[in-house]
Amino acid sequence: MDKKKFYITTPIYYPSGKFHIGTAYCTCLTDCIKRYKTLRGYDAYMLTGLDEHGQKIQTVAEKNGLTPQEYVDKMAEDSKALWKRMDIGFDDFIRTTDERHIKSVQKIVEKFLEQGDIYKGEYEGWYCMPCENYFTETQLVDGKCPDCGREVKKMKEESYFFNMKKYEGWLKEFYSENPEFIVPESRKNEIFKNFIDPGLEDLCISRCTFDWGIKFPNDPKHVLYVWLDALTNYITALGYGSDDDSLFKKYWPADLHVVGKEIIRFHGIYWPIFLHALGLELPKKLYAHSWIVMKDGKMSKSVGNVVYPEVLINRYGLDATKYYLLRLMSFAQDSMFTPEDFVERFNADLANDLGNLLNRTIGMINKYFDGEIPTDIKEHTEFDEDLEKCAKETIEKYIEDMDSYHVSNGIQDLWKYIARTNKYIDETAPWVLAKEENKDKLKNVMNHLAESLRRISIMSRPFIPGTSLEIIKQLGIDEKDATWDTVEINNIKPCTKVVSQGKPLFVRLDKEVETEYIRESMKK
Ligand code: MSP
């Protein structure tokens, strides 16, 4: 039977500077959900890429003494290298300067023109240069950009418009039939309150004030305004509008667009309308995640509070970095990064709870059973029962959380089980059983510990894939014996031998030294 497909996307990022942990989080989250779906047997396909057009990119390129094309080429290489370093399993990387994208977007615009969805007019509004976005008077906050807080300029220009009003009724109906299209619900409520309820404004989709963009069909002094160009990446990457649209047929509609909360309005209003106007199916869901914030607000170079993923990865490892970002961010609220918290979590969750559990288990199996995991079990105690009950409940809760993209909660479910397994060691006190030479009881305990770790390896695979595999490697368990369909059963084969010397998964950090290290890196 064919596997069920799952198409998941990140936003395409502006290559206007080096990516920080906020951008890395968004990609990491998407990758984690893809890994979870793969673990669950889906044919999962992940798209990421770059949003390379627009005035801001043109300006940054000039500052760097490069043409826009040279600049974005370099940034595309840099970001691919970062995602590779982060072991991100993307299947395609779309750039809005790709020929495949440009051609398909032009066809889309032609179709809109033919259908009378687009008209020429004059646009006047408050323009935020860094966000490349116009705002109406009422949207401004204290006269400044509502998204980034910077100065805005009154600007007027001849422009093409997309007739959004025409689709307003349809959009409202769509939401009343699909109230869970956007999660969390609070984000949907915001866009209703601010944009849909007051009445949709037509969207300006072209500019004459700069030329780094896709030329408007039959009117080349206009280039496309970035959002129509950007949003369509999710279908052009699959070959929509090209001779080979097999991927489009296979994967569209997207199952999940992961986006940051500040761009949900574009995805929740314009994107459904564009798709509807094209006669295409809508994505199944939009997840608007929140932001990583710092003690002194948003990450910004000028404040000197930017954390780059490479700094954390190079010093603490890839899995520790991924773990921290995914665990930190709650489903619906901004979460604060602090160097202290990073080091504390590393020590408590990774080095102590998980690392020690594996290390102690391997040490005891070596000491009491010559390295062989016992499988001939004769005993069954109330502690076993309780641990097994916890495993069952954890798996149920984990599925519920991961299926609804509550990734941080999924991690917390797992860590409760890790804590429960650690408690099981204290309860059963294997060192006492060894002294009493109670071999049957001791076998039972070791088997339960090894089975717990096998389960932990399976459930941790989407978050910390390297560590997940290291756990079963040290236990001597084959990967094929630690797949999702074995998560609920006992599946350790007779004669399985653990490594003779367990290597610590994570070595405890010195809190003072490491918080200082991270803090210093933020100033560079
Ligand atoms: N180019 C547009 C997206 C077009 S998608 C069709 C864009 N790019 S961006 O580079 O500015 O931002 C991309 C993503 O990074 C957003 O989803 C944004 O929320 C995310 N993040 C940027 N800073 C962030 C944090 N500090 N924390 C979490 N995510 C953050 O918008």
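Let us look at the structure shown here. Keep in mind that what you see is a predicted model, and the values were worked out from it rather than measured.

### A short note on unusual backbone geometry
Part 1 of the reasoning: Going from valine 183 to proline 184, the amide bond is cis rather than trans, its omega being -10°.
Part 2 of the reasoning: Along the polypeptide, proline 184 turns up in the loop between β7 (182-183) and α6 (185-196).
Part 3 of the reasoning: Here the phi dihedral of cysteine 495 falls at roughly 70°; this positive angle occurs in a residue that is not glycine.
Part 4 of the reasoning: One can find cysteine 495 in the loop between α18 (465-475) and α19 (511-523).
Part 5 of the reasoning: On the basis of relative accessibility, which here comes to 59%, the residue cysteine 495 falls in the exposed class.

### Examining the packing of aromatic side chains
Part 1 of the reasoning: With the rule as written, the count across this model stands at 38 aromatic pairs.
Part 2 of the reasoning: Ring centres 4.5 Å apart and planes at 25° place the aromatic pair tyrosine 45 and tyrosine 251 in the stacked group. With tyrosine 45 in strand β2 (residues 43-50) and tyrosine 251 in helix α9 (residues 246-251), the pair connects residues that are 206 residues apart, well separated along the chain. Accessibility classification places tyrosine 45 together with tyrosine 251 in one group, the buried group.
Part 3 of the reasoning: One aromatic cluster in this structure is built from Tyr7, Tyr45, Tyr234, Tyr240, Phe248, Tyr251, Trp252 and Trp271.
Part 4 of the reasoning: Above the ring of tyrosine 308, the side-chain terminus of lysine 18 is found at 4.9 Å from the ring centroid.
Part 5 of the reasoning: When the ring centre of tyrosine 517 is taken as origin, the NZ or CZ atom of arginine 315, which lies over that ring, is 3.8 Å away.

### Digging into the environment of tyrosine 398
Part 1 of the reasoning: By secondary structure assignment, the location of tyrosine 398 is in helix α14 (residues 382-403).
Part 2 of the reasoning: Between the C-alpha atom of tyrosine 398 and that of cysteine 208, which follows or precedes it by 190 residues, the distance is 51 Å.
Part 3 of the reasoning: Within polar-contact distance, the side chain of tyrosine 398 engages the backbone oxygen of methionine 459 at 2.6 Å.

### Remarks on the pairing of strand β1 (residues 5-13)
Part 1 of the reasoning: Within β1, 9 of the 9 residues are buried, which leaves it mostly tucked inside the rest of the structure.
Part 2 of the reasoning: Note: β1 against β2, 7 bridges, orientation parallel. For lysine 5, the partnering residue across the bridge sits in β2 and is aspartate 43.

### Examining the sheet that holds strand β6 (residues 153-162)
Part 1 of the reasoning: With antiparallel pairing, 4 strands are arranged side by side in an open sheet as β5-β4-β6-β8. Where the open sheet ends on each side, the last strands, each with one partner, are β5 (133-135) and β8 (203-204).
Part 2 of the reasoning: In this sheet, β6 lies alongside strand β4 (residues 118-128) in antiparallel orientation, the contact comprising 10 bridges. By the bridge assignment for β6, tyrosine 127 is matched with lysine 153.

### So, the environment of isoleucine 102
Part 1 of the reasoning: Note that isoleucine 102 resides in helix α4 (residues 99-115).
Part 2 of the reasoning: A sequence separation of 113 residues divides isoleucine 102 from lysine 215, and the C-alpha atoms of the two residues are 8.8 Å apart.
Part 3 of the reasoning: The contacts of isoleucine 102, once residues within four sequence positions are left out, are Thr96, Thr97 and Ile214.

### Digging into the site of the ligand
Part 1 of the reasoning: In the vicinity of the ligand lie 22 residues, with Ile12, Asp51, Gly260, Glu262 and Ile292 positioned nearest.
Part 2 of the reasoning: Against a free-state accessible area of 670 Å², the protein chains account for coverage of 90% of the ligand.
Part 3 of the reasoning: Classifying every residue of the shell around the ligand gives 13 nonpolar, 7 polar and 2 charged.

### Observations regarding the state of the cysteines
Part 1 of the reasoning: This model, assessed by the stated rule, comprises 0 disulfides.
Part 2 of the reasoning: The thiol of cysteine 145 is not disulfide-bonded; the next cysteine sulfur, from cysteine 128, is found 3.6 Å away.
Part 3 of the reasoning: In this model cysteine 208 remains outside any disulfide bridge; the closest cysteine sulfur is found in cysteine 204, 9.1 Å from its own.

### Points about the sheet that holds strand β11 (residues 256-260)
Part 1 of the reasoning: Spatially, 6 strands are ordered β3-β2-β1-β11-β12-β7 in an open sheet, and the strand pairing comes out parallel. If you trace the sheet from one side to the other, it starts and ends with β3 (92-95) and β7, each paired once.
Part 2 of the reasoning: Bridge count between β11 and strand β12 (residues 286-289): 4 bridges; the pairing is parallel. Of the residues in β12, the one forming a bridge with valine 258 is tyrosine 287.
Part 3 of the reasoning: Against the sheet, helix α1 (residues 21-39) makes contact with β1, β2, β11 and β12, and its axis sits at roughly 175° relative to β1, the strand it touches most.

### Concerning the side chain of threonine 48
Part 1 of the reasoning: With respect to the helices and strands, threonine 48 occurs in strand β2.
Part 2 of the reasoning: Judged by its relative accessible area of 0%, threonine 48 is buried.
Part 3 of the reasoning: If we ignore the near neighbours within four places in the chain, the residues touching threonine 48 are Thr10, Pro11, Ile12, Tyr13, Trp83, Phe90, Asp92, Phe93 and Ile94.

### Overview of the packing of helix α13 (residues 339-369) against helix α17 (residues 439-460)
Part 1 of the reasoning: For the pair α13 and α17, interaxial distance at closest approach is 10 Å and the crossing angle is 145°. The interaxial crossing formed by α13 with α17 has left-handed handedness. Taken together, the residues of α17 that come into contact with α13 (itself represented by Leu354, Leu357, Leu358, Thr361, Met364, Ile365, Tyr368 and Phe369) are Lys439, Leu442, Lys443, Met446, Leu449, Ala450, Leu453 and Ile456.
Part 2 of the reasoning: Partitioned by chemical class, the residues of the contact of α13 with α17 number 13 nonpolar, 1 polar and 2 charged.

### A few points about the packing of α13 against α18
Part 1 of the reasoning: One way to put it is that α13 packs onto α18 with a least axis distance of 10 Å and a crossing angle of 10°. When the interaxial angle is binned, α13 and α18 end up roughly parallel. Note on element contacts: α18 touches α13 through Thr467, Ile471, Gln474 and Leu475, opposite Leu354, Leu358 and Ile362.
Part 2 of the reasoning: Of the residues in the contact of α13 with α18, the class split is 5 nonpolar, 2 polar and no charged.

### Here's the deal with the nonpolar core
Part 1 of the reasoning: If you look at the biggest cluster of nonpolar residues, it comprises 103 residues, and the most contacted ones within it are Phe337 and Phe463.
Part 2 of the reasoning: For this core, the leading source of residues is α13, giving 13 residues.
Part 3 of the reasoning: In contact with phenylalanine 463, not counting residues within four places along its chain, are Cys32, Lys322, Leu326, Tyr398, Met402, Val407, Gly410, Ile411 and Leu414.
Part 4 of the reasoning: Counting 61 residues, the second-largest nonpolar core is a separate cluster that includes Phe195, Ile205, Phe274 and Leu286.

### Considerations on the side chain of serine 159
Part 1 of the reasoning: Summarising the element assignment, serine 159 is placed in strand β6.
Part 2 of the reasoning: You can call serine 159 buried: its relative accessible area is 0%.
Part 3 of the reasoning: With sequence-adjacent residues up to four places away left out, serine 159 is seen in contact with Tyr119, Lys120, Gly121, Glu122, Tyr123, Cys204, Ser206 and His222.

Scoring rules and cut-offs
- Residues numbered from 1 in each chain as written.
- Predicted model: local features only at pLDDT ≥ 70, side-chain atom pairs only at ≥ 80, totals over all residues.
- Heavy atoms only, no water.
- Helix = DSSP H or I, 4+ residues; strand = E, 2+ residues; numbered from the N terminus.
- Buried < 20%, exposed > 50% of the residue type's maximum accessible area, 1.4 Å probe, protein only.
- Phe/Tyr/Trp six-rings, centres within 6.5 Å; stacked < 30°, edge-to-face > 60°.
- Lys NZ or Arg CZ within 6 Å of the ring centre and 35° of its normal.
- Polar contact = N/O pair within 3.5 Å; in protein donor to acceptor, adjacent residues only side chain to side chain.
- Pairing = 2+ DSSP bridges.
- Contact = heavy atoms within 4.5 Å.
- Near = heavy atom within 4 Å.
- Areas by Shrake-Rupley, 256 points an atom, 1.4 Å probe, with all protein chains shown as cover.
- Nonpolar A, V, L, I, M, F, W, Y, C, P; charged D, E, K, R; others polar.
- Disulfide = S-S within 2.5 Å.
- Axes fitted to C-alpha atoms, helices over the stretch in contact; angles between N-to-C directions.
- Left-handed = near helix turned anticlockwise from the far one by under 90°.
- Parallel < 35°, antiparallel > 145°, perpendicular 65-115°, else oblique.
- Core = buried A, V, L, I, M, F, W, Y, C linked by side-chain atoms within 4.5 Å.

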